[in-house]
Amino acid sequence: MADSGERARHWRYAELPDVDLLRARYVRKTFVRHTHEHFVIAAIAEGVEVFAHRGADQYAGPGALALVNPDTPHTGRAGVPEGWRYGAVYPSPDVVAEIAAETTTLRGAPGFVRPVLDDPCAAALVHQVLRAAEEGNALAADTLLRVAVTRLLRLNGGPLPQREIRSAGARIAARARAALEDRLVDPPTLEQLAEDLGTGSFALLRAFRDAYGLPPHAWLTDARVRRARRLLDAGTAPAEAAVAVGFTDQPHLNRHFARIVGVPPGAYQRERKNVQDPVGSTPLPSEPWQNRQLTPTQPTPKRLTRTRRPWTSEQTRREDRTAPSYGTPSPSASPSDSPGSPSG
């Protein structure tokens, strides 16, 4: 990706459990239609991202956030020739529900109402969460994440739509999904699956797409990548994970993994492993742009002694000029946006 100017880091910070983190710049990158088990909260810093969401293209530019609820099919691509740069946090449904219960009036399973929200304050908060995680500042990272999610839920929150299986087609789709989950490595053909369920191939295809937003073969690829992520998190080698989830080999996994997650499985696993490394251990080699050393003037947190890998210094300086401080979202944010404030 160095020749194209594209770069990405997908990682976890141990002090933010159940939250994935991403910094990336993409130019020619195209994300296929896929889903996430977690929420997507992506703050655009430069350029424009376009993503298909519920039948329409959505555009998010600088200061806006792309917001996708769990298990919601979407794509991603550049909306301008120069691409887009962004930072994203992916909190689990449990994390968002906990924050919503404590700081908002939303009850049940909370989610986002609109897929794009123009809110530079919330976007700046997301970038600060990432920077705090990179600096090993656990208190700031946790606080800022809670403030950001609270603000977004108050501005754009509502109950997650519940998928109710009522029609015969929806019931068939649910049975087909269960069958594919059981046969992830050796799936049946569409005709075989339809015959097993007592329906026609095209009827099954329509029912499955209506229920899950993806045709069965695309859903299967998505599910395989999800399972591969769990195996990689557990320490399984990429080549072994590829075969274990039904891909023919590691290059096959690499292709689909990068088009859904945004980074190759090897880079993904190296970052996850670093979260578990004991203090003082040496991180595995990564992309050259990720291995920038701290300057002597930057203090090293007492809790971490391994090399940190921030975004570029120039980009950090640009964000520092526009992002609010750790303690306060911004002058435009209401004091009630604090996680400990009464619900608005």
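Everything below is about the structure printed above this text.
An account of the accompanying structure is given in this report. (Residues numbered from 1 in each chain as written. Predicted model: local features only at pLDDT ≥ 70, side-chain atom pairs only at ≥ 80, totals over all residues. Heavy atoms only, no water.)

### Brief notes about the pairing of strand β2 (residues 19-26)
The condition that has to hold: Exposed residues in this analysis have more than 50% of their type's maximum accessible area, buried residues have under 20%, and partly exposed residues fall in between, with area computed by a 1.4 Å probe over protein chains only. Counting from the N terminus, the helices are DSSP H or I runs at least four residues long and the strands are E runs at least two residues long. Note on pairing: DSSP must find at least two bridges between two strands before they are called paired.
Counting buried residues in β2 gives 7 out of 8 residues, a clear majority hidden from the surface. Pairing between strand β1 (residues 7-12) and β2: 6 bridges, direction antiparallel. Residue Trp11 lies in a different strand from β2, and its bridge partner there is Leu21. Where β2 lies against strand β9 (residues 84-91), 8 bridges are found, and the strand directions are antiparallel. The partner of Ala24 across the bridge, within β9, is Tyr86.

### Concerning the packing of helix α7 (residues 216-233) against helix α9 (residues 250-260)
For clarity, the cut-off: Here an axis means a line fitted to C-alpha atoms, over the contact stretch when the element is a helix, while the angle between two N-to-C directions is reported on a 0 to 180 degree scale. Oblique is the label for any angle not under 35 degrees, not over 145, and not in the 65 to 115 range, which are roughly parallel, roughly antiparallel and roughly perpendicular in turn. Note on contacts: a residue pair qualifies if any of its non-hydrogen atoms lie within 4.5 Å across the two residues. Gly counts as polar in this scheme, as do all residues outside two lists: the nonpolar Ala, Val, Leu, Ile, Met, Phe, Trp, Tyr, Cys and Pro, and the charged Asp, Glu, Lys and Arg.
Between α7 and α9, whose axes approach to 10 Å, the crossing angle comes to 95°. Between α7 and α9, the crossing angle belongs to the class labelled roughly perpendicular. Listed contacts from α9 to Thr221, Asp222, Val225, Ala228, Arg229 and Leu232 of α7 are Leu253, His256, Phe257 and Ile260. Residue classes in the contact of α7 with α9 are distributed as 6 nonpolar, 2 polar and 2 charged.

### Topic: unusual backbone geometry
Even without a glycine there, the phi angle at Asp18 is positive, about 65°. Structurally, the position occupied by Asp18 is in the loop between β1 and β2. What makes Asp18 partly exposed here is its relative accessible area of 40%. Positioned with a positive phi, Arg54 is a non-glycine residue whose angle comes to about 55°. As for its position among the elements, Arg54 is in the loop between β5 (49-53) and β6 (56-60). The class for Arg54 is exposed, based on a relative accessible area of 61%.

### With respect to the pairing of β9
The buried fraction of β9 amounts to 8 of the 8 residues, a majority that puts the element mostly inside the structure. The side-chain alternation of β9 yields two buried faces, one formed by Trp84, Tyr86, Ala88 and Tyr90 and the other by Arg85, Gly87, Val89 and Pro91.

### Focus on α7
This is how the line gets drawn: For a helix, the expected span equals 1.5 Å multiplied by the number of residues minus one.
For α7, built from 18 residues, the straight-helix expectation of 26 Å at 1.5 Å per residue is met to within 8% by its first-to-last C-alpha distance of 26 Å. For α7, a buried count of 13 out of 18 residues is recorded, marking the element as mostly surrounded by other parts of the structure. A positive backbone phi angle near 100° is found at Gly235, which sits one or two residues after α7.

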